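Remarks on the overall topology
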Amino acid sequence: MEAGGLPLELWRMILAYLHLPDLGRCSLVCRAWYELILSLDSTRWRQLCLDCTECRHPNWPNQPDVEPESWREAFKQHYLASKTWTKNALDLESSVCFSLFRRRRERRTLSVGPGHEFDSLGSALAMASLYDRIVLFPGVYEEQGEIILKVPVEIVGHGKLGEVALLASIDQHCSTTRLCNLVFMPAWFSPIMYKTTSGHVQFDNCNFENGHIQVHGPGTCQVKFCTFKNTHVFLHNVPLCVLENCEFVGSENNSVTVEGHPSADKNWAYKYLLGLIKSSPSLIPTEDSDFLMSLDLESRDQAWSPRTCDIVIEGSQSPTSPASSSPKPGSKAGSQEAEVGSDGERVAQTPDSSDGGLSPSGEDEDEDQLMYRLSYQVQGPRPVLGGSFLGPPLPGASIQLPSCLVLNSLQQELQKDKEAMALASSVQGCLIRKCLFRDGKGGVFVCSYGRAKMEGNIFRNLTYAVRCIHNSKIVMLRNDIYRCRASGIFLRLEGGGLIAGNNIYHHAEAGVDIRKKSNPLILCNQIHHGLRSGIVVLGNGKGIIRNNQIFSNKEAGIYILYHGNPVVSGNHIFKGRAAGIAVNENGKGLITENVIRENQWGGVDIRRGGVPVLRSNLICFGYSDGVVVGDEGKGLIEGNTIYANKGCGVWMMSSSLPHVTSNHVSYNGLYGVAVFSQKDGSSEFPGGHGAQENFSEDGDAILWETELEKEDDPLRRPITIALVESNSVNHNGASGLYVQSSEALHVVTNVIHANGDRGITVAQSSQLTRVANNSISCNRQSGVKVEAQCKVELRGNGIYDNRGHGIITKGDSTVVIENDIIGNRGSGLQLLPRSDTKVIKNRIHSFRAYGIAVRGRARALVQENTIFQGKTNKTIFQQISNNQDCIMQNNKFLVFKKKSDTWRLVNPPARPHLENSLRGPSAAHSGQKVTAMATRITARVEGGYHSNRSIFCTIL
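As the structure is a computational prediction, the values presented were derived from the model and not from experiment.

Analysis parameters
- Residues numbered from 1 in each chain as written.
- Predicted model: local features only at pLDDT ≥ 70, side-chain atom pairs only at ≥ 80, totals over all residues.
- Heavy atoms only, no water.
- Helix = DSSP H or I, 4+ residues; strand = E, 2+ residues; numbered from the N terminus.
- Buried < 20%, exposed > 50% of the residue type's maximum accessible area, 1.4 Å probe, protein only.
- Contact = heavy atoms within 4.5 Å.
- Areas by Shrake-Rupley, 256 points an atom, 1.4 Å probe, with all protein chains shown as cover.
- Polar contact = N/O pair within 3.5 Å; in protein donor to acceptor, adjacent residues only side chain to side chain.
- Pairing = 2+ DSSP bridges.
- Salt bridge = Lys/Arg side-chain N within 4 Å of Asp/Glu carboxyl O.
- Phe/Tyr/Trp six-rings, centres within 6.5 Å; stacked < 30°, edge-to-face > 60°.
- Disulfide = S-S within 2.5 Å.
- pLDDT = per-residue confidence, 0-100.
- Axes fitted to C-alpha atoms, helices over the stretch in contact; angles between N-to-C directions.
- Parallel < 35°, antiparallel > 145°, perpendicular 65-115°, else oblique.
- Nonpolar A, V, L, I, M, F, W, Y, C, P; charged D, E, K, R; others polar.
- Patch = residues over 30% accessible without salt bridge, like charges linked within 9 Å, V, L, I, M, F, W, Y side chains within 5 Å.
- Expected span 1.5 Å × (residues − 1).
- Arc of directions from axis to C-beta.

Before going further, it helps to spend a moment on the overall build of the protein. Assigned secondary structure in the protein consists of 11 helices and 78 strands. Here the protein, with 956 residues, has 60% of them falling under the buried criterion. Here the analysis covers contacts within the protein between residues at least 6 apart in sequence; of these, 57% occur between residues at least 24 apart. As presented, the protein carries roughly 37,800 Å² of accessible surface, and 50% of it is formed by carbon and sulfur atoms.

In structure tokens form, the structure reads like this:
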């Protein structure tokens, strides 16, 4: 830049003395001068902005200590906004004929105050012409009657804010008015300080105390840098109003009420306000940063596929079991034999392997031994939803989610959802932006088809922040809402809209309360540290709850009851002090693709008529059970990954008739699936939550006995018997499936693999428990154990490679039909005293023990079975005493005859026949998003896991 050789710093110092018009002229000289003027942003432009009596700090009142990105741009935006009220003058002048030949009238300035031209505002208004400027000098001006504004004027207080007080009731009848730098108080005869029904009013840098402001459509208003102390702003049928950078303090009722649908009749200012809004910086983010700690979950693939194993049947002497090497001289025989536990149950003492059991074909063999082979298949754990598997949790490892489970940013979600984007971009009714609502009763109340948009506001220490009722719609973007004495956001009577990107926390009631057919879209919010639930949906409330972080709430993260029926998808719900999601009192809902982790009670708790669809969720690392289906709970639990919870994977009551299908249940501390029928006898609930729930608007008890819809839902097919089907249950600390029930139960087409105790334990079953077409393999003890006085039917199962017996029973009505019981370390089938069993058309083989062992006075019908020889010629059938009640008919015994004989399970092929019977998970659903993830966190089972209760199973 050529400027007479002066340094830039000196030019900046010289230009810092120029006023605004002079700066504008200098910027037009040339490009170099323009850039020089722009470089004064942090000096001259900052000084002009802060010294302006008509505005305040650009980030007041929420962030007065944070400088704007550009002081010049902030000053420009305020300057343009302050001229909106005069746009009508240009329209009027351009419509007059021969305007080019008419001399433009100069605006007059009328002075009011002691020693000036006028003594009162009323007298000055009587002499004012169009667009005159009335300046009130310091003092208190009290008008004894209502002031009616008939011509457009500008009323400005002189001096600092607070030096000019106006006690008046003003009724605007003209097209436009601007009021600036004044303190408004109500007159003695009316609480209404200002009212307009058709014109446009603009307030800049004013204070309002203890009164009311009313704007009726098609009137409009523009309010900026104002403080409202115990003042109510009432907007009725307004097409557009803008409240920006304002503070609302100490309201005894609502601070802002928006009532009625925006008027179709719009005044002249509507288009200018709309243009001003669109030209100002948007609060819709370009990218979303995580508000809280980073979530780590390591991804790991451990591909297990169905494997083909060969059973080796050894020579004519006394061969060693192929499950271990031959004993060396001097070694104890007992070190290689399975130990006999209680009730004759055998537990193999072999080292652990990665899948919880050793394959017989994978161990050392003597090359000189005579070998015979039985070829068969073992079904390992099925893939998780994404086609991979979860490995065992490691202690002390951080939780890292794979990229497919990380939450999308708000911008990404809006780009995917065009309807949500249209809502976020729309402006209708009232726009409230960058305002502070504090220390009062209510924030914003939208009713009777009203429309309001709130961006970048702070609501704190109120009774409630926002209420939306009676078919009204709200759009809430990037607000901070905290420490409300009731709920933060409350929707009822078909309220709706978009609630996105907000930080909602520390409320005495729910963060968001949805009821009575309200149907909002709740997107990308943080809802946390509430003294009750994060989100409550009740009384036929609906809504879409998507991609939110809901954590550290004292009660359920999401609570659905009284016919609430939301769609809950893609949320992260974690570290709650109760359940992640609770569905109670006839609640419904589609709950899909959520990550529910590290909650103190059940990840999902369903009780008292709750009927949700729980599909394709990741429920992991809970301090209690993964899913709890309590008394009278129902619903469809399908395609979920339930992993590494310290209690059971699924804890349910059979009388509740849940449908548990196509889930991956692994590495849980206790049972994979536990089924009970006893009512929970506890009358006291943990944490004092047994008391009557409180879901009234302001904390008062309310009964929801009316207006409850009964809708048919095609996602829920009714069942009459509790059903556990097509699940993969593996590597859990206790039994894969534990049954203690007096109700009927069907267990079909499951893969139950490598669990820390038995595959299936039936401890009580006074009605029939049907176990059909399951693969039960590699469990640490027996494949199936049936206790006394139980009625069980085992049909079409493949029971392979378990470390104890294949089946051990002392039930009084057990039917074992058409099963493959192969390769187990104990007996294939052991019948204990006083049992009554029918063993028909099974294929049975045991390595070390007997194919069938009958102990004591057991009643049995053993008919048409194929029993393969195992270790010695004596390992086909054992009957300890001369038992007349044991009937053997038409059984086929196969013994080896020559070297390298191979026996195959053909006609039919190896059971179970899952190909035709599997419904498969709802893999067609988008739930396949939950993919291989492995986290190494200890979930060891302690002693006493045979308790018949869920850990903290009672939620409400």
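Within the element layout of this structure, N408 appears in the loop between β23 (372-378) and α9 (410-416). Taking relative accessible area as the criterion, N408 reaches 25% and is therefore assigned partly exposed. Through-space distance from the C-alpha of N408 to that of N547 is 6.9 Å; in sequence the pair is 139 residues apart. Only 2.8 Å separates the side chain of N408 from the side chain of E413, close enough to count as a polar contact.

Here we come to the pairing of strand β11 (residues 200-204). Most of β11 sits inside the fold, with 5 of its 5 residues counted as buried. Because side chains alternate across β11, one face comprises the buried residues H200, Q202 and D204, and the other comprises V201 and F203, equally buried. Taken together, the 5 bridges between strand β8 (residues 176-180) and β11 define a ladder with parallel strand orientation. Within β11, the position partnered with C180 by the bridge is D204. Relative to strand β14 (residues 220-224), β11 runs parallel, the two being bridged by 5 bridges. Residue pairing across strands places H200 opposite T220, the latter belonging to β14.

W60 connects to P61 through a cis peptide bond whose omega is 5°. Mapped onto the elements of the fold, P61 is located in the loop between α4 (41-51) and α5 (71-82). The peptide bond linking R911 to P912 adopts the cis configuration, its omega dihedral lying at 0°. As for its placement among the helices and strands, P912 is situated in the loop between β78 (902-904) and α11 (914-917). In this structure, N205 is a non-glycine residue whose phi angle is positive, near 55°.

This next bit is on the pattern of salt bridges. Inspection of the entire model under this criterion finds 27 salt bridges. A salt bridge links R546 to D417; the nearest nitrogen and oxygen atoms lie 3.1 Å apart. Here the residue R546 occupies a position in strand β37 (residues 544-546), and D417 occupies one in the loop between α9 and α10 (418-425), the gap between them amounting to 129 residues. Both residues of the pair, R546 and D417, belong to the buried class. Its salt-bridge partner being D605, residue R607 comes within 2.7 Å of it at the nearest N-O pair. Across the pair, exposure class does not vary: R607 and D605 are buried alike. Put simply, R107, R133, E154, R178 and D204 are held in one network by salt bridges that share partners.

Here we come to the packing of aromatic side chains. According to the stated counting rule, one finds 17 aromatic pairs in the structure shown. Seen from their ring centres, F437 and F459 are 4.7 Å apart, and the 5° between their planes marks the pair as stacked. You can see F437 sitting in strand β25 (residues 436-447) and its partner F459 sitting in strand β27 (residues 458-469), a full 22 residues away along the chain. For the pair formed by F437 and F459, the shared burial category is buried.

This paragraph deals with the state of the cysteines. One pass over the structure, following the stated rule, counts 0 disulfides. Not engaged in a disulfide, the cysteine C226 finds its nearest cysteine sulfur in C206; these two sulfurs lie 4.7 Å apart.

With that settled, consider the confidence of the model for the protein. Mean pLDDT for the protein: 79, with 75% of residues reaching 70 or above. By mean pLDDT, the top-scoring element of the protein is strand β32 (residues 503-505) (98), and the lowest-scoring one is strand β20 (residues 307-313) (37). Scored below 50 in pLDDT, residues 916-956 makes 152 contacts in the model with residues more than four places away or belonging to other chains.

Between two packed helices, the angle of one axis relative to the other and the distance separating the axes together describe the packing. Contact pair helix α1 (residues 8-15) / helix α3 (residues 31-38): the axes reach a minimum separation of 10 Å and the direction vectors enclose 70°. One way to sum up the angle between α1 and α3 is to call them roughly perpendicular. For the pair α1 and α3, the contacting residues are L8, W11, R12 and L15 in the first and W33, L36 and I37 in the second. Here the contact of α1 with α3 is composed, by residue class, of 6 nonpolar, no polar and 1 charged.

On to a nonpolar patch on the surface, then. Together, L6, L10, M13, I14 and Y17 give the surface a local cluster of nonpolar side chains, amounting to about 510 Å² of exposed area. In this fold, M13 is placed in helix α1.

With 12 residues, α5 should cover 16 Å at 1.5 Å per step; its first-to-last C-alpha distance of 16 Å lies within 8% of that length. Turning to α5, its buried residues are W71, A74, F75, Q77, H78, A81 and S82. Angular distribution of buried residues about the axis of α5 spans 160°; they occupy a single face of the element.

For D417, a relative accessible area of 18% corresponds to the buried category. If we ignore the near neighbours within four places in the chain, the residues touching D417 are L521 and R546. For D417, the side chain forms a polar contact with the main-chain nitrogen of E419, separated by 3.2 Å.

Let's shift gears to the environment of K278. As for its placement among the helices and strands, K278 is situated in helix α8 (residues 270-279). As a C-alpha pair, K278 and V427 span 149 residues in sequence and 9.3 Å in three-dimensional space.

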